[in-house]
Amino acid sequence: MTAVRVGLRPIAVAAVVAMAVAACAPAARSAPESPMAGKRVEGRRGMVSASHPDAAAAGAEVMALGGNAVDAFVATAFALSVTDVSQTGLGGGGAMTFYDAKTRRVEHLSFYPRSGADPAWGMAETSRAPGRAAATPGMVAGLLQAHAKWGTLTLAQVMAPAIRLARDGFVVSPLLSRTIAASRPKMQADSLAMARFMPRGDALRPGERLVQPELAATLQRIQDGGREAFYRGPVAERVSAKVRAMGGLISTADLQDYPVTAMRPLCTSWREYTVLGAPPPMGGSSVLEMLQMAEFSGVTSARGFTSHPEAVVKMADILRIANADANRWRGDPLSMRVPARGVVAATYARQRAGLVGGALADTVQAGDAWAHDTVAPASSCAPYDPYPAVAGGAGSGSGSGNGPREEEAAAEPDAGGSFTSHLAVVDASGSAVSATTTIGVLFGSGVYTEGFWLNSSASNFDARTRGPNRYANTTMSPTLILQGNTVRLVIGAAGSQYIQPAITQVTLRTLAFGEDPWMAIAAPRIHTAASQKDVEVENGFAPAVYQALVARGYRPVSRVADITFGGVHAVYVRTDGTRIGVADPRRDGVAAGN
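In this text, all values refer to a predicted model and were calculated from it rather than measured experimentally. (Residues numbered from 1 in each chain as written. Predicted model: local features only at pLDDT ≥ 70, side-chain atom pairs only at ≥ 80, totals over all residues. Heavy atoms only, no water.)

## Remarks on the state of the cysteines
Move 1: Counted by the stated rule, this structure contains one disulfide.
Move 2: Here cysteine 267 connects covalently by a disulfide to cysteine 381, the sulfurs 2.1 Å from one another. The sign of the S-S torsion, about -90°, decides the handedness of the disulfide formed by cysteine 267 and cysteine 381: left-handed. Taken as a pair, cysteine 267 in strand β8 (residues 266–270) and cysteine 381 in the loop between α16 (346–353) and α17 (406–409) lie far apart in primary sequence, 114 residues in all.
Move 3: The class of cysteine 381 is buried, set by a relative accessible area of 0%. (Disulfide = S-S within 2.5 Å. Helix = DSSP H or I, 4+ residues; strand = E, 2+ residues; numbered from the N terminus. Buried < 20%, exposed > 50% of the residue type's maximum accessible area, 1.4 Å probe, protein only.)

## Comments concerning the pattern of salt bridges
Move 1: Inspection of every chain in the model, using the stated rule, returns 28 salt bridges.
Move 2: A salt bridge links glutamate 42 to arginine 574; the nearest nitrogen and oxygen atoms lie 3.5 Å apart. Here glutamate 42, found in strand β1 (residues 40–43), pairs with arginine 574, found in the loop between β19 (567–573) and β20 (579–583); they are 532 residues apart in sequence, far enough to count as distant.
Move 3: One salt bridge in this structure joins glutamate 214 and arginine 196, with 2.6 Å as the shortest N-O distance. One end of the pair, glutamate 214, is in helix α9 (residues 213–225); the other, arginine 196, is in helix α8 (residues 191–197), with 18 residues separating them in the sequence.
Move 4: Classification of arginine 196 as partly exposed rests on a relative accessible area of 21%.
Move 5: Connected through salt bridges with shared partners, the residues Arg40, Glu42, Arg44, Asp516, Arg574 and Asp576 form a single ionic network. (Salt bridge = Lys/Arg side-chain N within 4 Å of Asp/Glu carboxyl O.)

## So, the confidence of the model for the protein
Move 1: Overall, the predicted model of the protein reaches an average pLDDT of 90, with 90% of residues at or above 70.
Move 2: In this model residues 1–29 is a low-confidence stretch, pLDDT under 50, and it forms 72 contacts with partners more than four residues away in sequence or in other chains.
Move 3: Segment residues 395–416 is flagged for pLDDT under 50; beyond a separation of four residues in sequence, or across chains, it makes 63 contacts in the model. (pLDDT = per-residue confidence, 0-100. Contact = heavy atoms within 4.5 Å.)

## Description of the sheet that holds strand β17 (residues 534–537)
Move 1: A sheet is described by the order of its strands in space; here three strands give the open sequence β16-β17-β18, paired in mixed fashion. Each end of this open sheet is capped by a strand with a single partner; those strands are β16 (526–527) and β18 (555–558).
Move 2: Bridge count for β17 against β18 is four bridges, and the pairing is parallel. Each residue of the ladder has a partner; that of glutamate 536, found in β18, is valine 557. (Pairing = 2+ DSSP bridges.)

## Here we look at the nonpolar core
Move 1: By size, the foremost hydrophobic cluster in this structure holds 97 residues, and its most contacted members are Phe73, Phe78, Met96, Phe197 and Leu219.
Move 2: The greatest single-element share of this core, amounting to 11 residues, is contributed by helix α3 (residues 69–83).
Move 3: Look past the residues within four positions of methionine 96 in its chain and what remains in contact with it is Phe73, Glu107, His108, Leu109, Phe111, Ala146, Trp150, Val433, Ser434 and Ala435.
Move 4: Core analysis: the second largest hydrophobic core is formed by 61 residues, Ala311, Leu360, Ala530 and Ala570 among them. (Core = buried A, V, L, I, M, F, W, Y, C linked by side-chain atoms within 4.5 Å.)

## A closer look at helix α2 (residues 53–64)
Move 1: If you check α2, its first and last C-alpha atoms are 16 Å apart, about what 12 residues at 1.5 Å a residue would give, namely 16 Å.
Move 2: For α2, a buried count of 10 out of 12 residues is recorded, marking the element as mostly surrounded by other parts of the structure.
Move 3: Listed as buried for α2 are Pro53, Asp54, Ala55, Ala56, Ala57, Ala58, Gly59, Ala60, Val62 and Met63. (Expected span 1.5 Å × (residues − 1).)

## Topic: unusual backbone geometry
Move 1: Residue proline 281 follows proline 280 across a cis peptide bond; omega there is 10°.
Move 2: Mapped onto the secondary structure, proline 281 falls in the loop between β9 (273–277) and α13 (284–296).
Move 3: Here asparagine 469, not a glycine, exhibits a phi torsion of approximately 55°, which is positive.
Move 4: Mapping asparagine 469 onto the fold places it in the loop between β13 (452–453) and β14 (479–483).
Move 5: Positioned with a positive phi, serine 496 is a non-glycine residue whose angle comes to about 55°.
Move 6: The residue serine 496 is located in the loop between β15 (486–494) and α18 (499–512) in this model.

Here it is, written out as structure tokens:
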């Protein structure tokens, strides 16, 4: 995908609405305190961190009613579909990883946008028609299935905050105002979208209210009629008709048949922790691989990143190596052979870590993950029934092979223009959800109907992954980290190709270097890719770090912190049980607890 630059600058978070403030009720504060409202919140019971204050408050509200982590996830995700409307929504999809503290079981649901049955899904798309970028949305199906399987409150209770926010409106932040202004062509393509988001011909201003009655009506239909109200009948017919009128392929049958897929999580042992990641088509394997490479290459022996040049230089090498593997070993495992278990195997990570500090290649090549796919996971993973090896190994079949192919390693699906939304939840019992959702680029494909925007996820398909009836590839990586049977860190990020590097760097700072989670999330980061020597660097590193990158052969590129550089949201649980919710200062989000 072509990178999208919308001129977004660092933002000051809008004042948290009264509900969020009331919901937070933190325990006694501990240093450091964030100078930005709601960015670091402590609590003893439930905690939510999400990319909008009203959405975080929705999750805290349902937990105050007695809801569990899944209830809070569903309430927060529906609320984000209203408030974080440029990044996520009913027309998108995502994935969630859930730890049930009572059963000590981990579950993963994939509900990412998916191609339909039309054979044209297997053909290269050159028309650039807005509708052709839209894949069948899975958001509503995924949220409803998660609630039905694991929620405890009624659907009306968990959807009430979202319906209220759509019906009565919410305060527009500086960030939302800028994303609307940056998406003027998409607004201008639909008169109703213009009326809602640019009522005077210009974007709604910070402090004004965004009211979405059409979205409220669709949410109410879902509450009253469940999945059938969205995927069958008038809503489905109008969605399909609008998409097809704008050059797309989604049919009413595609909507009716959309499947939510339950999968086993990726798992590895790292230090004293068990790390659980999102399996393909999600990008969780990169996070698990990078954490292990950081251990094997000595990064975790450093005392930090900010003033430690050697650790940052090694991290740059690790990012390139993992990016090469991620670009090669990806795809929908229901239709392709993806050795994800091999990628997260400790033997593979140790082998790949051997490249750290070696000759600096112009392009890093992927390794042979197939050789490690049958390696047994660590014993700490056994209770969680982790992601299996591919049956038959690297035999014939779509996407299979014994080694990487150079021309495929250069691809970077989902690169540059995806914004996305992440939320993290820990409830009073210690159960947790890490979930990432998206509509793709800002306001998705630009197809607006029934009060929501259709995703742009069909653009993530490429020559190797495209085809009918399969999930699009994505870098989303909702992650859970356990210490024994206790959740220690619930983390994930938004930001396309920046997602896995951001999660990894924040996790290393928090769990390896012992930094406060707020300091870890606010600290400067780096980013690079397999096919480049440019290293994007945020302000705040010691001068020696930039010098060391140059000495290694890298080209540091200045990057002002903004929403595309990985918007991390997390909940850290201290050993005394205190939940610390933290939200990335690069975005609008906050934490809220009770």
